[in-house]
Amino acid sequence: MPPTLASLVHHSALKLTVRAGEERLDTAVRWAHVSELADPVPYMEGGELLLITALKLDAEDPAAMRRYVKRLAGAGVVGLGFAIGVNYEEIPQPLVDAARDEGFPLLEVPRRTPFIAISKAVSAAIAADQYRAVTAGFAAQRELTKQALNEGPEGLLGALAGQIAGWAALYDASGAVVAAAPEWAGRRAARLVADVERLRERPAPASAVVGGGDQQGGGDEDRVELHSLGTGRRPRAALAVGTASALGTAERYALHSAIALLTLTTERSRSLQAAEQRIGAAVLRMLLAGEPEHARTVAGDLYGGLLDAPFRVIVAEVASASAGRAHAEGHARVAPEKPERPATGTGTAAAPASGGDPLTGLADVVDAAAARSGEAVLVVPDGERLVLLAADGGAATDACTQYADVLETARLTQREQGGGGEDDELVVGLSAPAGPIAAATAYKQAEQALSVARRRGRALVEHEEVAAGSVVPLLADDAVRAFADGLLRALKDHDATGRGDLVASLRAWLSRHGQWDAAAADLGVHRHTLRYRMRRVEEILGRSLDDPDVRMELWLALKATSASGE
């Protein structure tokens with residue numbers, strides 16, 4: 001505890017007597033200061049015990065003393081020490097009355113007590129308090145370290161909550177609460193997720209003081225501090241602590257120790273992360289090359305559990321990268337020489353928990369979900385892509401789909417409001433469940449689903465949707481429509497002159513698989529008329545309808561024009 005007016009009054013060597021303000025003696029004293037100025041307020045910071053002999057004061061003037069005392073109290077001066085036997089044999093009554101009216105502590109200092117003795121007593125008490133705080137801080141650090149080593153973050157949070165007489169909670173990279181102490185604090189911490197998100201948008205280290213929820217069983221609002229955890233540009237986690245009032249020196253030491261320990265616990269070193277990514281890239285490369293046994297050997301304990309059950313291959317890009325990427329090649333190359341994840345940019349604001357680049361946000365969400373559930377997940381940055389292997393039906397796969405759903409909802413809202421572009425929108429392709437032997441096939445499925453997601457303007461498409469759906473929606477591509485328009489243009493020009501309805505006749509004939517009578521009945525014409533029209537189609541196009549490839553191309557062209565509303 002810092003020194004108070006009461007502790008100075010009870011100091012046996014000082015012999016101070018209380019003349020006014022008895023009810024405010026528990027006020028802390030930050031310093032003892034001597035000033036004989038008629039107005040010392042400009043030189044005060046607040047919290048001082050002011051020591052005077054009234055050398056330049058008109059201490060007999062009641063009005064002047066009321067102004068003097070009121071000004072001192074307004075400046076935060078905690079008390080006034082008046083030395084008797086110097087300029088006045090006793091404290092003038094107008095000063096005593098003014099102090100009593102204001103409720104301002106007034107201490108009588110005997111002649112034999114020099115002001116320097118009071119200053120030394122205050123200084124010694126402050127030093128002792130600081131020493132106790134430092135000692136308590138070191139003890140807290142030892143206890144927190146012990147709990148972190150033995151019980152992990154949960155034990156550390158419990159110890160920290162006890163040290164600060166409040167509560168503590170830990171958030172992961174996605175902004176979700178992963179641990180809290182006491183147990184009821186988890187509900188309180190969950191209400192601060194939006195504040196944690198705003199904190200994570202700032203470069204680490206960052207901190208903020210925010211309002212929390214209601215105290216358990218009461219209606220008083222607590223004081224909550226948020227601190228980011230991590231040494232990189234983007235925080236890896238966040239810590240929240242809630243207390244009834246501002247933290248003292250000892251509590252602040254404990255909090256700083258917890259931040260350092262949690263940073264060590266939650267953030268892996270850059271070299272370790274790069275090494276893990278290189279191993280992941282090697283495992284993925286071996287799986288795509290059809291070497292599952294070698295991949296399993298390299299994976300070891302780090303990713304080995306992932307290969308023992310069906311997994312999904314997930315390929316993600318941003319629209320700006322997808323638009324310029326040619327997918328004619330078979331398998332994309334995995335580039336382990338680029339282990340770092342995409343840097344945080346100024347991407348879509350819809351990206352939850354990312355604070356920027358949606359690929360980085362996706363990686364954070366998947367990593368956090370896998371960590372919470374104890375799953376293994378393989379995350380490999382591949383140039384402008386992100387490739388993931390996640391357990392089928394696991395928390396990481398679910399987190400990926402939920403992340404994409406949130407992005408797509410926000411994207412639709414932006415479009416309805418007439419804002420937002422598509423340059424930084426996330427597109428994700430998800431393969432069917434597969435094992436190590438079929439990893440190459442699963443990768444191709446994920447790429448196909450990614451292509452469909454890009455064409456349809458979707459955030460995520462699963463391969464099952466592509467396999468179970470129709471090929472017709474794929475004909476909406478601009479290149480396909482251009483091909484269809486070119487193939488059918490001569491027939492449309494012919495029909496525009498009013499010399500026959502060749503396009504409708506061709507559609508009816510193809511839909512009836514070349515059955516003359518059925519197609520003619522659909523058109524309401526004689527079958528000889530339909531035969532004549534098909535000969536005209538062959539003459540105009542210069543192609544034979546007996547060729548199945550020609551019939552297929554014409555049918556797809558007709559479907560493409562139908563899909564575009566023509």
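Residues numbered from 1 in each chain as written. Predicted model: local features only at pLDDT ≥ 70, side-chain atom pairs only at ≥ 80, totals over all residues. Heavy atoms only, no water.

**Some remarks on the overall build of the protein**
In terms of helices and strands, the protein carries 19 helices and 15 strands. When the 566 residues of the protein are sorted by exposure, 46% land in the buried category. For the protein, the share of sequence-separated contacts (at least 6 apart) that also reach a separation of at least 24 residues comes to 63%. By element, 52% of the accessible surface of the protein is carried by carbon and sulfur atoms, the whole surface being about 27,000 Å². (Helix = DSSP H or I, 4+ residues; strand = E, 2+ residues; numbered from the N terminus. Buried < 20%, exposed > 50% of the residue type's maximum accessible area, 1.4 Å probe, protein only. Contact = heavy atoms within 4.5 Å. Areas by Shrake-Rupley, 256 points an atom, 1.4 Å probe, with all protein chains shown as cover.)

**Details of the packing of helix α11 (residues 358–373) against helix α12 (residues 395–416)**
Direction vectors running N to C along α11 and α12 enclose 145 degrees, while the axes themselves pass 8 Å from each other. Both α11 and α12 take part in a crossing whose hand is right-handed. Across the interface between the two elements, P358, G361, L362, V365, V366, A369, A370 and S373 of α11 pack against A395, A396, A399, C400 and Y403 of α12. By residue class, the composition of the contact of α11 with α12 is eleven nonpolar, two polar and no charged. (Axes fitted to C-alpha atoms, helices over the stretch in contact; angles between N-to-C directions. Left-handed = near helix turned anticlockwise from the far one by under 90°. Nonpolar A, V, L, I, M, F, W, Y, C, P; charged D, E, K, R; others polar.)

**Side note on the pairing of strand β10 (residues 237–243)**
Buried residues dominate β10, accounting for seven of its seven residues. Sheet topology places strand β6 (residues 167–171) next to β10; five bridges connect them, and they run antiparallel. Paired with Y171 across the two strands is A238, which belongs to β10. In the sheet, strand β9 (residues 221–229) pairs with β10 via seven bridges, with the strands oriented antiparallel. When the bridges of β10 are listed, E225 appears paired with V241. (Pairing = 2+ DSSP bridges.)

**Quick notes on the pattern of salt bridges**
For the structure on display, the rule yields 19 salt bridges. For R252, the salt bridge is made with E225, and the minimal N-O distance between the two is 2.8 Å. With R252 in helix α7 (residues 249–266) and E225 in strand β9, this pair connects stretches of sequence that are 27 residues apart. Each of R223, E225 and R252 takes part in salt bridges that share partners, so that together they form one network. (Salt bridge = Lys/Arg side-chain N within 4 Å of Asp/Glu carboxyl O.)

**Re the sheet that holds strand β3 (residues 48–52)**
To summarise the sheet geometry, strands pair through backbone hydrogen bonds and adopt either a parallel or an antiparallel arrangement. Read from one edge to the other, the open sheet built from five strands follows the order β1-β5-β4-β3-β2, with strand pairing classed as mixed. In the strand order of this sheet, the two ends are held by β1 (17–20) and β2 (31–34), each with one partner. Put simply, the sheet's adjacent strands are angled 30 degrees from each other on average, direction ignored. Where β3 and strand β4 (residues 79–83) come together, four bridges link them in parallel fashion.

**Points about the sheet that holds strand β14 (residues 426–430)**
On the basis of which strands lie adjacent, the open sheet formed by five strands has the order β12-β13-β11-β14-β15 and mixed pairing. What marks the edges here is a single partner per strand, and that holds for β12 (377–382) and β15 (460–462). Strand-to-strand twist across the sheet, computed as the mean angle between neighbouring axes with direction ignored, equals 15 degrees. Inspection of the sheet shows β14 paired to β15 by three bridges, in the parallel sense. Across the sheet, residue V428 finds its bridge partner in β15, namely L460.

**Observations regarding the packing of aromatic side chains**
By the definition in use, this model includes two aromatic pairs. With centroids separated by 6.0 Å and ring planes inclined at 55 degrees, the aromatic side chains of F82 and Y88 adopt a geometry described as tilted. Residue classification places F82 among the buried residues on the basis of a relative accessible area of 0%. Considering the side-chain rings of W509 and W516, the 5.5 Å spacing of their centres and the 35 degrees angle between planes classify their relative orientation as tilted. You can call W509 buried: its relative accessible area is 8%. Judged by relative accessible area, W516 falls into the partly exposed class, the value being 22%. (Phe/Tyr/Trp six-rings, centres within 6.5 Å; stacked < 30°, edge-to-face > 60°.)

**Some remarks on the side chain of D195**
Tracing the backbone through its elements, the reader meets D195 in helix α6 (residues 193–200). Among residues more than four places away in sequence, those in contact with D195 are V210 and L226.

**Here's the deal with the packing of helix α16 (residues 502–511) against helix α17 (residues 516–523)**
In contact at an axis separation of 8 Å, α16 and α17 are set at 135 degrees when each is read in the N-to-C sense. Considered as vectors, α16 and α17 are oriented oblique to each other. For the element pair α16 and α17, the recorded crossing hand is right-handed. On α17, the residues touching A504, S505, A508 and W509 of α16 are W516, A519 and L523. Here the contact of α16 with α17 is composed, by residue class, of six nonpolar, one polar and no charged. (Parallel < 35°, antiparallel > 145°, perpendicular 65-115°, else oblique.)

**Examining unusual backbone geometry**
Between A181 and P182 the backbone carries a cis peptide bond, its omega angle lying at -5 degrees. Along the chain, P182 turns up in the loop between β7 (177–181) and α5 (185–190). The phi torsion at A54 lies on the positive side, around 65 degrees, for a residue other than glycine. Looking at the secondary structure, you find A54 in the loop between β3 and α2 (62–74). With a relative accessible area of 3%, A54 lands in the buried category. One non-glycine residue, H513, lies in the positive phi region at around 60 degrees. Inspection of the secondary structure assignment puts H513 in the loop between α16 and α17.

**Some details on helix α13 (residues 439–456)**
Taking 1.5 Å of rise per residue, the 18 residues of α13 would be expected to cover 26 Å, and the 25 Å separating its terminal C-alpha atoms lies within 8% of that figure. By the burial criterion, the buried members of α13 are A439, A442, Y443, Q445, A446, E447, A449, L450, S451, V452 and A453. Backbone geometry just after α13 places G457 at a positive phi near 70 degrees. (Expected span 1.5 Å × (residues − 1).)

**A look at the confidence of the model for the protein**
Overall, the prediction assigns the protein a mean pLDDT of 83, with 85% of residues at 70 or greater. Looking across the protein, the model is least confident in helix α10 (residues 319–323), with a mean pLDDT of 57, and most confident in β4, with 96. In this model residues 212–219 is a low-confidence stretch, pLDDT under 50, and it forms 20 contacts with partners more than four residues away in sequence or in other chains. Note that pLDDT drops below 50 for residues 326–355; the model gives that stretch 86 contacts with residues more than four away or on any other chain. (pLDDT = per-residue confidence, 0-100.)

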